[in-house]
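# Results of the structural survey
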Amino acid sequence: MQTRVLTVNPQHPEPEAIAEAAEILQSGGLVAFPTETVYGLGANASSANAVARIFEAKQRPLTDPIIVHIADFAALSTVAKTIPPSVAPLAKHFWPGALTLILERNDNIPPIVSANQATVAVRMPSHPVARALIQAADLPVAAPSANAFSRPSATMAAHVLQDLDGRIDAILDGGQTTIGVESTVLDLTGERPTILRPGGIALEALQTVLPAVTMRAKLVEMDALAQSPGQLIKHYSPRAKVLLFADETAIPALIKTARERTESRQSVGVIGLSVERTLFQALPIAFFDLGETLEGAARNLFAGLRALDALNVDVILAHGYSREGIGAAIWDRLLRAAEGHIQAG
Ligand code: TXA
Ligand code: MG
């Protein structure tokens with residue numbers, strides 16, 4: 001199939017393009033669209049057939065559940081069966097935004113959306129294009145990240161087309177997404193509200209509203225990563241091998257590894273903050289500049305992994321930063337890209 005590219009103004013999307021995309025969703029098709037986190041690959045969440053096409057297009061295993069996107073709070077009761085008391089304050093502070101809540105699934109949502117679980121993931125995105133699309137379609141929209149399964153998520157339309165061109169009906173191109181890492185997934189179905197995936201809304205911010213929120217234990221361990229369905233360790237992976245160092249204290253070891261690898265004629269990529277570029281000036285490596293701040297690093301991380309992959313490097317070297325705030329999400333994505341391995345140093 002031919003994938004239609006509909007270019008829209010990210011702040012004030014053109015109604016014609018939105019109407020065309022909404023019609024595709026209503027007739028069971030697939031539309032990729034920007035959210036404030038990453039691009040999503042949308043389908044009508046109440047149609048099992050439409051949702052099945054998402055899994056097919058992404059080559060995503062049916063065991064990996066999908067987030068349902070809504071545009072207003074009233075729609076929540078059509079997606080979730082019960083709405084626990086903690087939802088209202090969370091929604092008031094963080095919706096629309098980068099927070100996904102795990103709740104009990106309403107029967108309107110077919111089991112395929114949730115990998116046959118009794119729960120459902122729901123999010124109200126803030127991006128004007130996402131909101132306009134969901135409103136125009138007048139449907140709950142099931143949407144995983146718009147990348148091929150296990151590839152880095154897409155933060156630009158070009159990334160979506162790299163992975164899915166010819167496999168989806170259309171894409172709304174609204175430019176680069178602003179947050180750059182996916183939403184925080186917060187499970188409200190257990191005894192204690194638990195973050196299953198750190199993301200765009202920080203643990204610390206959630207705790208100001210709901211002090212009991214906790215990060216899933218042992219996030220770094222393989223088995224813990226496999227706990228949330230779809231939280232497979234191999235995720236966000238570029239083709240090149242990612243060598244991940246724990247933090248700034250390992251920079252000397254990282255530089256040493258870069259030198260050794262280039263000396264043994266490997267092609268080396270490094271991703272780092274702008275200030276780190278000069279550390280590698282003497283070495284024949286490709287440096288991808290993540291920007292000046294951790295927010296910038298989150299925004300540019302997936303683009304960096306994809307850009308270095310496009311240069312066909314053999315290895316990508318990176319290190320962790322702070323694990324606080326958005327740093328927790330950056331570390332999580334780096335760790336998955338490195339398939340759970342941390343280099344000594
Ligand atoms: O920012 C985002 O969350 C983006 C945009 C498009 O909204 N979406 C996204 O979707 O990242 P995806 O499919 O790539 O990741 C969804 C995550 C997975 O880790 C999945 O396991 C988890 O949410 N998830 C979905 N439904 C769940 C459920 N019922 N129970 C537990 N985890 C669930
Ligand atoms: Mg994903």
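The structure presented is a predicted model; accordingly, all values stated were derived computationally and were not measured.

The rules behind each value
- Residues numbered from 1 in each chain as written.
- Chains lettered and ligands numbered in written order.
- Predicted model: local features only at pLDDT ≥ 70, side-chain atom pairs only at ≥ 80, totals over all residues.
- Heavy atoms only, no water.
- Helix = DSSP H or I, 4+ residues; strand = E, 2+ residues; numbered from the N terminus.
- Rg over C-alpha atoms; globule rule 2.2 N^0.38 Å.
- Buried < 20%, exposed > 50% of the residue type's maximum accessible area, 1.4 Å probe, protein only.
- Contact = heavy atoms within 4.5 Å.
- Areas by Shrake-Rupley, 256 points an atom, 1.4 Å probe, with all protein chains shown as cover.
- Expected span 1.5 Å × (residues − 1).
- Arc of directions from axis to C-beta.
- Pairing = 2+ DSSP bridges.
- Axes fitted to C-alpha atoms, helices over the stretch in contact; angles between N-to-C directions.
- 1 Å grid on protein atoms, 1.4 Å probe; cavity = no way out; pocket = protein on both sides within 12 Å on 5 of 7 lines; lining within 4 Å.
- Points joined across faces, edges and corners; volume = space filled by probe spheres on them.
- Nonpolar A, V, L, I, M, F, W, Y, C, P; charged D, E, K, R; others polar.
- Domains from an automatic or database assignment.
- Buried area = accessible area lost by both parts, 1.4 Å probe.
- Salt bridge = Lys/Arg side-chain N within 4 Å of Asp/Glu carboxyl O.
- Polar contact = N/O pair within 3.5 Å; in protein donor to acceptor, adjacent residues only side chain to side chain.

## Considerations on the overall build of the protein chain
Each helix and strand counted, the protein chain has 11 helices and 16 strands in total. Rg of the C-alpha trace for the protein chain: 20 Å, near the compact-globule value of 20 Å for 345 residues, within the 12% margin. Projected onto its principal axes, the C-alpha coordinates of the protein chain cover approximately 60 × 45 × 35 Å. Burial analysis of the protein chain (345 residues in total) assigns 58% to the buried set. Counting contacts in the protein chain only where the partners sit at least 6 residues apart, residues at least 24 apart contribute 68% of the total. Carbon together with sulfur atoms contributes 52% to the accessible area of the protein chain, which is approximately 13,900 Å² in total.

## Quick word on helix H1 (residues 15-26)
End to end, H1 covers 16 Å across 12 residues, agreeing with the expected 16 Å (1.5 Å per residue, within 8%). Taken residue by residue, H1 has Ala17, Ile18, Ala21, Ala22, Ile24 and Leu25 as its buried positions. For H1, the angular spread of the buried residues around the axis is 155 degrees, confining them to a single face. Along H1, exposed side chains directed more than 90 degrees from the buried face belong to Pro15, Glu16 and Glu23. Looking at the buried residues of H1, the elements they touch are strand E1 (4-7), strand E2 (31-34), strand E3 (39-44), helix H5 (128-137), strand E7 (141-142) and strand E8 (170-173). Looking one or two residues beyond H1, the residue adopting positive phi is Gly28, at roughly 90 degrees.

## A closer look at the sheet that holds strand E15 (residues 315-319)
Read across the open sheet, the 5 strands follow the order E14-E13-E15-E12-E16; overall the sheet is parallel. Each edge of the open sheet carries a strand with a single partner, namely strand E14 (286-289) and strand E16 (342-343). Relative to E15, strand E12 (residues 241-245) runs parallel, the two sharing 5 bridges. Looking at the pairing, Lys241 lines up with Val315 of E15. In the packing of helix H9 (residues 251-263) onto the sheet, the strands contacted are E12, strand E13 (268-272) and E15, and the crossing angle to E15 comes to about 170 degrees.

## Examining empty space enclosed by the protein
Enumeration according to the criterion identifies 3 cavities of 30 Å³ or more in this entry. In this structure, the largest cavity is lined by Ile251, Leu254, Val270, Ile271, Gly272, Glu276, Leu279, Phe280, Leu317, Ala318, His319 and Tyr321. Listed by contribution, the elements that provide at least two residues to the lining of the largest cavity are H9, E13 and E15. Looking at the lining of the largest cavity, its residues break down into 9 nonpolar, 2 polar and 1 charged.

## Things to note about the sheet that holds E7
Ordered by their spatial adjacency, 11 strands build an open sheet running E1-E8-E2-E3-E7-E4-E6-E5-E9-E10-E11, and the pairing between neighbours is mixed. If you trace the sheet from one side to the other, it starts and ends with E1 and strand E11 (214-215), each paired once. One ladder, built from 2 bridges, connects E3 with E7; its direction is antiparallel. Pairing of Asn44 across the sheet is with Val141, part of E7. The strands touched by H5 are E2, strand E4 (67-69), E7 and E8; relative to E2, the strand with the most contacts, the crossing angle is about 140 degrees.

## Comments concerning unusual backbone geometry
Residue Pro96 is reached from Trp95 by a cis peptide bond, and omega for that bond is -10 degrees. Summarising the element assignment, Pro96 is placed in the loop between helix H4 (87-94) and strand E5 (99-104). Despite not being glycine, Ala115 shows a phi value in the positive range, around 50 degrees. Structurally, Ala115 is set in the loop between E5 and strand E6 (119-123). Residue classification places Ala115 among the buried positions, given a relative accessible area of 18%. Residues other than glycine seldom take positive phi values, yet Asn312 does so here, at roughly 60 degrees. As for its position among the elements, Asn312 is in the loop between helix H10 (294-310) and E15.

## A short note on the domain arrangement of the protein chain
Here the domain parsing of the protein chain yields domain 1 (4-215) and domain 2 (241-337). Between the C-alpha centres of domain 1 and domain 2 the distance comes to 29 Å. Counting residues at the interface gives 25 residues for domain 1 and 15 residues for domain 2. For the pair domain 1 and domain 2, the summed buried area comes to about 1,500 Å², and 53% of that belongs to carbon and sulfur atoms. The largest per-residue losses of area from domain 1 upon contact with domain 2 belong to Pro152, Val181 and Pro198, which jointly make up 31% of the total buried on that side. For Glu182, the salt bridge goes to Arg333, with nearest N and O atoms at 2.7 Å. Between the two partners, domain 1 and domain 2, sit 10 residue pairs in polar contact (both at pLDDT 80 or more). The element contributing the most residues to the side of domain 1 that touches domain 2 is helix H6 (residues 157-164), with 3 residues. Here the side of domain 1 that touches domain 2 is composed, by residue class, of 8 nonpolar, 12 polar and 5 charged.

## Quick notes on the environment of Thr293
Looking at the secondary structure, you find Thr293 in the loop between E14 and H10. Considered as a pair, Thr293 and Gly320 are 27 residues apart in the sequence and their alpha carbons are 13 Å apart.

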